[in-house]
Amino acid sequence: MYSNAEGVPEGLAGLVMTGADLARRLEERKRRPLRSAAALERLSGGALSRGTLIELCGPRSSGRFAIALAALARATRVGEASALIDLGDHLDPRAAEEAGIELARLLWARPRTLKEALVCAHAAVGAGFAFVVLDLGERRGDRVAAASWLRLARAAEAGQAVVLLVSERPTAGPAAASIVTVESARAVWDHDGPPLFAGLSSTLSLRKRRGGGGGRLSLQLPL
Amino acid sequence: MSGTRVACLIVPSFPLAARLRGEPETRPLALLDGPRNAPVVVALNEEARRAGLRTGLSLPQARSLLPGLEAKPRDLEAERGAREALLEAAAASSPVVEEGGLGLLYLDWTGMGDERSLMRSLTGACLRAGLPAQVGVAGGRLAARLAAPNGTVVLPGEDAWFLAAQPGARLGLSEEAATALSRWGLYTVGAFAALPAGEVEARLGREGLELHRAARGLDDRPLIGVRGVRVPREGLELDWVVADLEALLEAASRPLARLAARLAARGEACRALTADLSLDPVGKDQRTVSLAAPSAELKTWLALLRLEWSERPPSAGVTGLSFAAEPVKARRTQLGLFGPAAQSPDALAGFLVRLSALLGPRRLGSPRAVDSRRPELFDLSPYAPPPPPEETTSDRALSRGSAASEAVGAAEPDERLACVPRALRPPVELEVLVEPEELRPLRLSGGDIAGAVQSAAGPWRMEEGWWNDVPEARDYWDVGLSDGGAYRVFRDRRSGRWYADGIYD
């Protein structure tokens, strides 16, 4: 930006930029990584690159839903268009609000089948959503062709979106750029006095990352 | 009117043109009107004319001349849509449009500039609406109407000269007046115009006098504009009874396509679509489908109608369709250059409507917490996110490629990770073995939840709705099961039954 531009009034100087500056900033916006799941960022050593499908797998009570909601909270707070495709219809809006999600910025879709969920995710990416969480919930047994996941990954790449697929076990196969699994998880109970449920403790492991790399991360998820 | 310029827009054989909008008919075709037991031919397509048919024949007469003649009744629904489309095309090129009859409009083109170019754009707009039109321009209505078939522009002040050479039969006189003129030996408009006005009035009355003035190139009556079309409507009457959903959608696609094209030309989208069905043998079926976001996409409308008609099919076969689109100006938003990219309003609207059609009602939107502690309850509001916040310094730091990882930590150091329950909607009923005194759960099973309770915390009492007809009284427990899962379960104090309404995950 011009700070001492000739002919530009003092107060306006900070608001004026050259064409080159403008082009550079637009290019920066395109390359800017998505700010969402900090836990996954810490695990993979950097922000999530746009245009990828990331899988987060873990059994029941492993903390995967909490990580997904935290990611949505962060993305909605910075103004990224975010969508939750909630196959199991598990979102409690009050809990989501308490988790920090800006509900007005979140699109919540409640499909009934895996096929519908995939259509929703595909359409969301096509409509310009930068962060799409596809939560398969507790659903078991539903299957779709592997090509569907590849198509979704390609759509994410074309739309420069991040798709976070939350499932019980790895589902997307080669379409996923990264696979994070919950290696171990346990419920934490506070036994000082009458027993109280205190939260979950999980260990995440980066099992696959396009471009190599791996790592582990322990998380405490207090209630 | 000195200096006034009037354009005349004519769609020849308007009822036929309306019927054939967008679907050309290459076989000889006659359009019928009149009493049900003795209809007469009121319009013919080019193929039928070439075969020697003319209007006014009865159907048996026409078929005796041309046995393979296709005959269809007038379609009033299609004519109504065509009239509206014609008015819209005309309104786009003139502020004042007067309706002169079926498929006949007069437009005020005073001071409008290049008339030839306007004529081309007007006929083009009519053709896009599926209506082949003719346009003529002159100083008055009559000259403009007679100029239209040849696409003539009569120069200012030359109306009388132009009219003088026109055949008298084109004046559009009543049968009685036309007979009188031919009896007097008057065969041109000029000859009629040369008669003394008083004599014409004495013999042909007020109508004759007005026509006489027009024939002399005098037209000082101002154009009376018609009201514009606010809610566009398109429809058709079917030649057969349709009972099958696919066939109904197929039939609906033609008027809907015309409606979508008209809305697009107006720069508008539809926020609610009303479908009026005529049922066999009598009766109406009307329903309105609201769109999650304004849309002018045919595919989306069809998807919504498919959903609506498959859930609540019409009570009888359908003989006619008519659709009205409640218009709304297409959303325009200034997208920012910096900060998180906002979504294109059009793409977003199309997406919302398509998904609403796919998922059905109350399955898409922004979640909203309701005033209740029962986690299975929720509300949805239409998805209309506020614009993204302005770009901050930390955003800019984050965007610098090499420093990305450091910036991540710096920008959001305090991500709040908390254990959140997955709501089970509806709550899963459980069979529970309880410790008799405290009613502490010892073993649970129900749905895909089963195991011995290893840890349990509770009970927490929740009561609400005691002030209305649906009170809720629950004793909540957090339990850890032998399957490794942590659950939120409750005992309904009124029924004594146990349910799981959340899984800590």
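Here is what the cut-offs are and how they apply
Residues numbered from 1 in each chain as written. Chains lettered and ligands numbered in written order. Predicted model: local features only at pLDDT ≥ 70, side-chain atom pairs only at ≥ 80, totals over all residues. Axes fitted to C-alpha atoms, helices over the stretch in contact; angles between N-to-C directions. Helix = DSSP H or I, 4+ residues; strand = E, 2+ residues; numbered from the N terminus. Parallel < 35°, antiparallel > 145°, perpendicular 65-115°, else oblique. Left-handed = near helix turned anticlockwise from the far one by under 90°. Contact = placed C-beta atoms within 7 Å. Nonpolar A, V, L, I, M, F, W, Y, C, P; charged D, E, K, R; others polar. Pairing = 2+ DSSP bridges.

Caption draft 1: Layout of the packing of helix α5 (residues 114-126) of chain A against helix α6 (residues 146-159) of chain A. All names here are of chain A. With their axes 9 Å apart at the nearest point, α5 and α6 run at an angle of 15 degrees to one another. In terms of orientation, α5 and α6 fall into the roughly parallel class. Considering the relative orientation of α5 and α6, their crossing is left-handed. The residues of α6 that touch α5, namely those facing L118, A121, H122, V125 and G126, are S148, R151, L152, A155, A156 and G159.

Caption draft 2: Region of the structure containing unusual backbone geometry. Across the junction of B:R425 and B:P426, the peptide omega takes the value 0 degrees, indicating a cis bond. Relative to the elements of secondary structure, B:P426 occurs in strand β14 (residues 421-435). Cis geometry marks the peptide bond from B:G458 to B:P459; its omega dihedral reads -5 degrees. You can see B:P459 is positioned in strand β16 (residues 449-464). Phi is positive for A:S61, close to 60 degrees, though the residue is something other than glycine. You can see A:S61 is positioned in the loop between β1 (52-57) and α3 (64-77). We note that A:Q160 has phi near 50 degrees; this positive angle belongs to a residue other than glycine. Its location among the elements puts A:Q160 in the loop between α6 and β5 (162-167).

Caption draft 3: Structural context of the interface of chain B and chain A. At the junction of the two partners, chain B supplies 57 residues and chain A supplies 67 residues. Mapped by element, the contributors of at least two residues to the side of chain B that touches chain A are α13 (345-359), β12 (364-368), α14 (393-399), α15 (404-411), β14, β16, β17 (472-481) and β19 (498-504) of chain B. For the side of chain B that touches chain A, the leading source of residues is α13(B), giving seven residues. Tallied by class, residues from the side of chain B that touches chain A come to 35 nonpolar, 12 polar and 10 charged. When strand β3 (residues 106-109) of chain A meets β12(B), the two strands line up antiparallel, connected through two bridges. Of the residues in β12(B), the one forming a bridge with A:A109 is B:L364.

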